[in-house]
Amino acid sequence: MIPRRESTGWRRELAAALTDPAELLALLELPAELLEGARRAGGAFPLRVPRGFAARMRKGDPRDPLLAQVLPLGIEMAPVRGFGADPLGEAQARRERGLLHKYQGRVLLVLTGACAVHCRFCFRRHFPYADEQLGARGWSEALATIAADPSIEEVILSGGDPLSLPDGPLAELAESLEAIPHLSRLRLHTRQPVVLPERVDDDLLAWLSRGRLAKVIVLHTNHAREIDGTVADALARLRSAGLHLLNQTVLLRGVNDSVEALAELSLRLFEVGVLPYYLHLLDRVAGAAHFDLPEAEARSLAAGLAARLPGYLVPRLVREVPGAPAKVPVPIELHDLPQPQGTETP
């Protein structure tokens, strides 16, 4: 039996998140010369990381793959050709305030700009949340638009992170969506069960487990070490509530750019009841160019992963192309596949 979890713990943890680069560097016993660049980049896109997530980082290791995802670097401030503020062309997908309609049959609600963690590669790090986010009570027009379009079968709650909002307003929104007869699925894109597992409390599970809509949680996990015992427990609670759990990973230089790291992640996800879903090429957002990998290297990594693991543990390698009707698969060619041992390539 999974024990109850109080509904206020996650708010305390969120309020106590690290926001000062100097404190993070001191906590991890890292050299002070990293501070200048961290302060410059953090002035444009602030540092934010829960203390529980920081506790999973290796002390004294400036190349720790979890640290690399959150530590601001001075290199972010240099403009790079081909990297911009709206890499996915979301402005063109806007139907109205806070409502994006990119793909047939599903829409995305931008509920908040708040996140428990600020990932340095976030494709919405320059998103105009002040103009677009619906907030806790401002979704009536979006609901009316969804109700008037019978082609919409699925609603995706996004942000920011939708689980940054309290459960009361989220439950009310879910009930309103339940009342729209042509909807069949409700999807949440969230990183909080991974970086802030305290968020999976009894209040959250209460509204997620109610209603007729099939509910899908799409997590964002990039490295196996993100999943410790507290995260495994949180995911077990979500599964016990009948949630379908999927994971999306972004392919990141210095974080998971090896077959070993990707395989370890897929295996760890499966251990905790999560199915690997997508492996994304980096969205080319300004400030994240240092995470980018050439497509040929990405194909080689995906091929190596496919050769090592059973198919159900291999996420699909994809990129998002502005205006495309779906995620665009990145095909693995024959020459990308590793050669069997004992053979020679011509």
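Calculation notes
- Residues numbered from 1 in each chain as written.
- Predicted model: local features only at pLDDT ≥ 70, side-chain atom pairs only at ≥ 80, totals over all residues.
- Heavy atoms only, no water.
- Buried < 20%, exposed > 50% of the residue type's maximum accessible area, 1.4 Å probe, protein only.
- Helix = DSSP H or I, 4+ residues; strand = E, 2+ residues; numbered from the N terminus.
- Pairing = 2+ DSSP bridges.
- Right-handed = clockwise from strand over helix to strand, strands pointing away.
- 1 Å grid on protein atoms, 1.4 Å probe; cavity = no way out; pocket = protein on both sides within 12 Å on 5 of 7 lines; lining within 4 Å.
- Points joined across faces, edges and corners; volume = space filled by probe spheres on them.
- Nonpolar A, V, L, I, M, F, W, Y, C, P; charged D, E, K, R; others polar.
- Axes fitted to C-alpha atoms, helices over the stretch in contact; angles between N-to-C directions.
- Parallel < 35°, antiparallel > 145°, perpendicular 65-115°, else oblique.
- Left-handed = near helix turned anticlockwise from the far one by under 90°.
- Contact = heavy atoms within 4.5 Å.

Describing the pairing of strand 4 (residues 154-158)
Within strand 4, 5 of the 5 residues are buried, which leaves the element mostly enclosed by the surrounding structure. Residues of strand 4 alternate between two faces, with Glu154, Ile156 and Ser158 on one and Val155 and Leu157 on the opposite face, all of them buried. The pairing of strand 3 (residues 106-110) with strand 4 spans 5 bridges and is parallel. The residue of strand 4 that forms the bridge with Val110 is Ser158. Judged from the 4 bridges that link them, strand 4 and strand 5 (residues 185-190) form a sheet pairing that is parallel. Looking at the pairing, Val155 lines up with Leu186 of strand 5. Chirality of the crossover, the property in question, places the unit of strand 4, helix 8 (residues 167-178) and strand 5 among those that are right-handed.

Re the layout of surface pockets
Quantified by volume, the largest pocket comes out at close to 1000 Å³. Surrounding the largest pocket, 48 residues form its lining, Phe123, Arg124, Ser158, His189 and His220 being those nearest its centre. Those elements that provide at least two residues to the lining of the largest pocket are strand 2 (99-103), strand 3, strand 4, strand 5, strand 6 (214-220), strand 7 (244-250) and strand 8 (275-280). Its residues assigned to classes, the lining of the largest pocket comprises 24 nonpolar, 12 polar and 12 charged. Each pocket or cavity is described by its volume, and for the second largest pocket that value is around 330 Å³. Every residue along the wall of the second largest pocket is listed here: Leu34, Pro62, Arg63, Leu67, Ala68, Leu71, Leu73, Arg253, Gly254, His290 and Phe291. Along the lines of polarity and charge, the residues of the lining of the second largest pocket split into 7 nonpolar, 2 polar and 2 charged.

Considerations on the packing of helix 12 (residues 259-271) against helix 13 (residues 295-308)
As a packed pair, helix 12 and helix 13 sit with axes 9 Å apart at the nearest point and diverge in direction by 50 degrees. Classified by the interaxial angle, the pair formed by helix 12 and helix 13 is oblique. Once helix 12 is placed against helix 13, the crossing between them reads as right-handed. Between helix 12 and helix 13, the contacting residues are Val259, Glu260, Leu262 and Ala263 on the first element and Leu301, Gly304, Leu305 and Arg308 on the second. Split into classes, the residues belonging to the contact of helix 12 with helix 13 amount to 5 nonpolar, 1 polar and 2 charged.

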